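Residues per chain are reported as follows:
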Amino acid sequence: MKQIRLNAILTGCAAIGLAISPASAVSSEPTKAGAKATDRSPNRAVSELRHVIGDWNVITDFISAEGEVYTAPGQYSFRWIIQDKVVSGTAITPKLKQKSAILFFHRSDKKEIEMASVGADGHLWRMIGPENNETRTTPNIVRPDGSQTMLRFTRSDVAPNSFKSMMELSDDGGETWRIANRQKFTRRQDGDS
C-alpha cells in the first residue's frame, strides 16, 4: 500500500501525461464537443494544445509495485492563458482529496513542449519532451532521503473526445521503468456532472 500512497501523491502530476503528443495530432480543435478550428494549418504542437482545451472526466488506475490497482475518478479542466502558446489547468481527484495546478507551454524555438504541475505538497513536477513525440519525462529527482524518482508519460489512442495516458516510474535514474498509473480521459459533454 506504500506504493499506492506514492502513486496517490503523484495524482496531480498524472496530468503531465497530457504533455501534448503531436505525433498523434487531431485535425480539428474541439474546444467544446464538436467545435472546429478556425485556423486551418496549425503546427502539430499547437493542434495538441488545442485538443486538451476543455473539461475532461478522467479515470485513473494507480498500480502499486506489487500490482495492486486502486481506481479513482477525477476531473481535469484546461483553458488558454495565451492563445496557441500557454495552457492553464486543474486536476481534481475528489476520492483522494487532491487538487493540482497545471501549466503547458510550447517552446517553438527549442521544438519542445513543457508541462509543470504543482499539488498541495508544493512539489514542482516538470515534464519535457520533443514536440513531435508521444513521451515526456521528468528530470531525475533526488529526494531528501537519497532515493531517486523519474516519471515518464506516454499518451495514446488520441481521438477528438478521448485519449489514454500511461505514467511510468523509475527509481534508478531511468535504467528501468514500471507502470505506476493508467488514465482514460473522456471529454465532458454539456450536462455532465
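All of these numbers come straight from a predicted model, not from anything done at the bench.

Peer 1: Explain the pairing of strand β1 (residues 54-63) to me, using residue names and the numbers behind them.
Peer 2: Counting buried positions along β1 gives seven out of ten residues, so the element sits mostly inside the fold. Note: β1 against strand β2 (residues 69-82), ten bridges, orientation antiparallel. Bridge pairing links Asp55 to Ser77 in β2. The hairpin formed by β1 and β2 contains five residues between the paired strands, and Gly67 there has a positive phi angle of roughly 90°. In terms of strand pairing, β1 meets strand β11 (residues 178-187) through seven bridges, oriented antiparallel. Bridge pairing in β11 links Trp56 to Arg187.

Peer 1: Describe the pairing of strand β6 (residues 124-130), and please don't skip the residues or the numbers.
Peer 2: Looking at chain direction, strand β5 (residues 112-119) and β6 are connected through seven bridges and run antiparallel. Each bridged residue has a counterpart across the sheet, and for Ile113 the counterpart in β6 is Gly129. Following β5, the chain reverses through four residues before pairing antiparallel with β6; Gly122 in that reversal takes a positive phi of roughly 80°.

Peer 1: An account of a nonpolar patch on the surface is needed here, citing residue identities and associated values.
Peer 2: Taken together, Ile81, Ile82 and Leu103 make up a surface patch of nonpolar side chains, about 250 Å² in accessible area. Of the residues examined, Leu103 reaches a relative accessible area of 31% and is grouped as partly exposed.

Peer 1: Can you lay out the pattern of salt bridges for me, pointing to particular residues and giving the numbers?
Peer 2: One pass over the structure, following the stated rule, counts eight salt bridges. The closest approach of N and O atoms between Arg152 and Glu168, which form a salt bridge, is 2.9 Å. In this pair, Arg152 is assigned in strand β9 (residues 148-159) and Glu168 in strand β10 (residues 162-170), connecting sequence segments 16 residues apart. The class for Arg152 is partly exposed, based on a relative accessible area of 22%. Across the pair Asp157 and Lys164 runs a salt bridge, and its minimum N-O distance is 3.5 Å.

Peer 1: Please set out the packing of aromatic side chains residue by residue, giving values where relevant.
Peer 2: Counted by the stated rule, this structure contains six aromatic pairs. Judged by centre distance (5.1 Å) and plane angle (70°), the rings of Trp56 and Phe163 are edge-to-face. With a gap of 107 residues between them, Trp56 in strand β1 and Phe163 in strand β10 connect regions that are remote in the sequence. Each member of the pair Trp56 and Phe163 is classed as buried. With centroids separated by 5.2 Å and ring planes inclined at 70°, the aromatic side chains of Tyr76 and Phe185 adopt a geometry described as edge-to-face. Pair noted here: Tyr76 is in strand β2 and Phe185 is in strand β11, with a separation of 109 residues, a long-range link. The pair formed by Tyr76 and Phe185 is uniform in burial state, with each residue classed as buried. A network of ring pairs unites the aromatic residues Trp56, Tyr76, Phe78, Phe104, Phe163 and Phe185 as a single cluster. Here Lys95 stacks its cationic end above the ring of Tyr70, 4.9 Å away from the centre of that ring.

Peer 1: Requested: an account of helix α3 (residues 44-52), with residues and values cited.
Peer 2: One turn of the α-helix equals 3.6 residues, which is why residues spaced by three or four share an orientation. Most of α3 is tucked away, with eight of its nine residues classed as buried. Ala45, Val46, Ser47, Glu48, Leu49, Arg50, His51 and Val52 are the residues of α3 that are buried. Backbone geometry just after α3 places Gly54 at a positive phi near 130°.

Peer 1: Which residues make up the environment of Asn57, and what values go with them?
Peer 2: Mapped onto the fold, Asn57 is located in strand β1. Spatially, the C-alpha atoms of Asn57 and Arg187 are 6.3 Å apart, while their sequence positions differ by 130 residues.

Thresholds applied
Residues numbered from 1 in each chain as written. Predicted model: local features only at pLDDT ≥ 70, side-chain atom pairs only at ≥ 80, totals over all residues. Heavy atoms only, no water. Buried < 20%, exposed > 50% of the residue type's maximum accessible area, 1.4 Å probe, protein only. Helix = DSSP H or I, 4+ residues; strand = E, 2+ residues; numbered from the N terminus. Pairing = 2+ DSSP bridges. Patch = residues over 30% accessible without salt bridge, like charges linked within 9 Å, V, L, I, M, F, W, Y side chains within 5 Å. Areas by Shrake-Rupley, 256 points an atom, 1.4 Å probe, with all protein chains shown as cover. Salt bridge = Lys/Arg side-chain N within 4 Å of Asp/Glu carboxyl O. Phe/Tyr/Trp six-rings, centres within 6.5 Å; stacked < 30°, edge-to-face > 60°. Lys NZ or Arg CZ within 6 Å of the ring centre and 35° of its normal.

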